[in-house]
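Take a look at the letters that make up each chain.
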Amino acid sequence: MKQFIYADNAATTKLEKAALEAMLPWLSNEYGNASQPYSFARAPKKALAEARAIIADCIGALPEEIFFTSGGTESDNWVIKGSALSDSAKRATITSAFEHHAILHSCAAIERLGYPVAYMWPSADGFITPDTLERYITDSTRLVSVMFANNEIGSIQPIRDLCKVAHAHGALFHTDAVQAVGHVKIDVHELDVDFLSASAHKFNGPKGIGFLYIRKGVDLPSYADGGAQESAKRAGTENVASIVGMATALKENCDTLADNQTHIQMLEKELLMLLSDNGVCFIRNGGNYTLPGLLSLSFSGYDGEAILHRMDLMGISIATGSACNSESTEISHVLQAIKLDPALAKGTVRISLGKYNTKEDIKDIAVALRKIVNGN
Ligand code: PLP
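Fair warning: this is a prediction, and the values are worked out from it, not measured in the lab. (Residues numbered from 1 in each chain as written. Predicted model: local features only at pLDDT ≥ 70, side-chain atom pairs only at ≥ 80, totals over all residues. Heavy atoms only, no water.)

**Q** If you had to explain the sheet that holds strand 12 (residues 348–352) to someone new, which residues and values would you point to?
**A** Taken in spatial order, the 3 strands of this open sheet run 9-10-12, and their pairing is antiparallel. The outermost strands of the open sheet, each flanked by one partner alone, are strand 9 (283–285) and strand 12. Looking at each pair of strands side by side, their axes are set apart by 35 degrees on average, direction ignored. Of the pairings in the sheet, the one linking strand 10 (residues 294–298) to strand 12 comprises 5 bridges and is antiparallel in character. By the bridge assignment, S298 is partnered in strand 12 with T348. The strands that helix 10 (residues 257–277) touches are strand 9, strand 10 and strand 12; relative to strand 10, the one it contacts most, it runs at about 20 degrees. (Pairing = 2+ DSSP bridges. Helix = DSSP H or I, 4+ residues; strand = E, 2+ residues; numbered from the N terminus. Axes fitted to C-alpha atoms, helices over the stretch in contact; angles between N-to-C directions. Contact = heavy atoms within 4.5 Å.)

This is the structure:
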């Protein structure tokens, strides 16, 4: 067995070598501030413009529609809170009960300021349907925010159809696509979304950097006030190295998307087959349209936390629920939202495979799970 197997790619991913190499000059000799007018600032300014264009191209956007942020959390906060502060007469927000806490806690913050928020419940297999949104939406809905793919169970939402419902009622639409960008094809114009959040460390880029797509012509108040960076909407000296690393990683993942998907889906199938062949009893959450490689597996009568620690002792990193919630031993809000039987929910682990996983990893994961669950 390998010394270390990483199977928690939904929590974070390994930095792409090309991204690291692309970052290095901006952390050493090319330290100029892109906002300055002299020639030493020309290279970082050009690097930022190129990175913006590359990222825009990867998601079918225009460069001026990409705003650099510190990651998914900031992008989500910006949309939810910024939209509440916009001068629209419409005050209501609709989201889903199984969003990431970056959305849910931002919604709680605007609720405390008196803005109404409604929470849609997903189906048992983890989907928000357009019919559900039709039941919640009113003419005073300003913003609908539904994640592209759930980070605990992987279910991919019908974003285009949900967006249609929102627009038909004059509401704007945001999707938290942090788990999806760089892993499934995304074209903001095909989806017709107004806002989209992404985070580099989920697609083999560096941590602490991400972006928010804001459709041209849609008004969103500034997130950070100060200098004129990011069209004066998100002030602060740009993190050139991380932005260049993010663009390099995203381009690499988008260029190899089909191959990565095929590889990861093959590994996923192999793992499920090995578990079944070895008589390991489990149920898989998240329905039949999920992110490649994200497996939420429930072992009835077992403790997910204990499985995680025993896997860890065998050198395998997996998760129970969301990485951002690792200190909580309660049943995750996602598993509660899909109303999973508590005995199954307690015995749930998340295995998230990435492009660097191998068939050998899968064999070792299956053997480890068999030992823990079946005791042999
Ligand atoms: N949204 C989703 C769906 C996530 O999975 C995560 C991270 O796990 C975030 C937002 C937060 O992103 P970041 O870690 O870049 O702040």
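**Q** Describe the sheet that holds strand 2 (residues 66–69), naming the residues involved and giving the relevant values.
**A** Spatially, 2-8-7-6-5-3-4 is the arrangement adopted by the 7 strands of the open sheet, whose pairing is mixed. Pairing within the sheet leaves two strands with one partner each, and these edge strands are strand 2 and strand 4 (117–120). With strand direction ignored, the average angle separating the axes of adjacent strands in the sheet is 20 degrees. Direction of pairing for strand 3 (residues 92–96) relative to strand 5 (residues 141–145): parallel, over a ladder of 4 bridges. Paired with I94 across the bridge in strand 5 is V144. Contacting strand 3, strand 4, strand 5 and strand 6 (172–176), helix 4 (residues 101–112) runs over the sheet at an angle of about 150 degrees to strand 4. Contacting strand 5 and strand 6, helix 6 (residues 159–168) runs over the sheet at an angle of about 155 degrees to strand 6.

**Q** So, the packing of aromatic side chains: which residues are in play, and what are the values?
**A** The geometry of two aromatic rings is summed up by the distance between their centres and the angle between their planes. Within the structure shown, the criterion is met by 5 aromatic pairs. Taking the centre distance of 6.3 Å and the plane angle of 40 degrees together, the rings of F4 and Y6 count as tilted. Taking relative accessible area as the criterion, Y6 reaches 25% and is therefore assigned partly exposed. Between F282 and F299, the ring centres sit 6.3 Å apart and the planes meet at 55 degrees, which makes this aromatic pair tilted. (Phe/Tyr/Trp six-rings, centres within 6.5 Å; stacked < 30°, edge-to-face > 60°. Buried < 20%, exposed > 50% of the residue type's maximum accessible area, 1.4 Å probe, protein only.)

**Q** Can you tell me about the site of the ligand, naming the residues and giving the values?
**A** Taken together, the neighbourhood of the ligand is formed by 14 residues, with T73, D176, Q179, S199 and K202 sitting nearest. Here Q179 contributes a side-chain N or O atom positioned 2.8 Å from an oxygen atom of the ligand. Here the ligand has 400 Å² of accessible area as a free molecule, and 90% of this is covered by the chains. With 3 residues, the top contributor of residues to the shell around the ligand is helix 3 (residues 72–85). Class assignment of the residues belonging to the shell around the ligand gives a composition of 3 nonpolar, 8 polar and 3 charged. (Near = heavy atom within 4 Å. Polar contact = N/O pair within 3.5 Å; in protein donor to acceptor, adjacent residues only side chain to side chain. Areas by Shrake-Rupley, 256 points an atom, 1.4 Å probe, with all protein chains shown as cover. Nonpolar A, V, L, I, M, F, W, Y, C, P; charged D, E, K, R; others polar.)

**Q** Explain the pattern of salt bridges to me, using residue names and the numbers behind them.
**A** This structure, assessed with the given rule, holds 15 salt bridges. The closest approach of N and O atoms between E21 and K17, which form a salt bridge, is 3.4 Å. Pair noted here: E21 and K17 are both in helix 1 (residues 17–27), with a separation of 4 residues, about one helical turn. Looking at K17, the relative accessible area reads 61%, which means it is exposed. With its nearest N and O atoms 2.8 Å apart, the salt bridge here joins R52 to E230. Taken together, the residues span a long stretch of sequence, with R52 in helix 2 (residues 42–58) and E230 in helix 8 (residues 229–232) at a distance of 178 residues. Residue R52 shares its accessibility class with E230, and that shared class is buried. Through salt bridges with shared partners, a single ionic network connects D192, D194 and R215. (Salt bridge = Lys/Arg side-chain N within 4 Å of Asp/Glu carboxyl O.)

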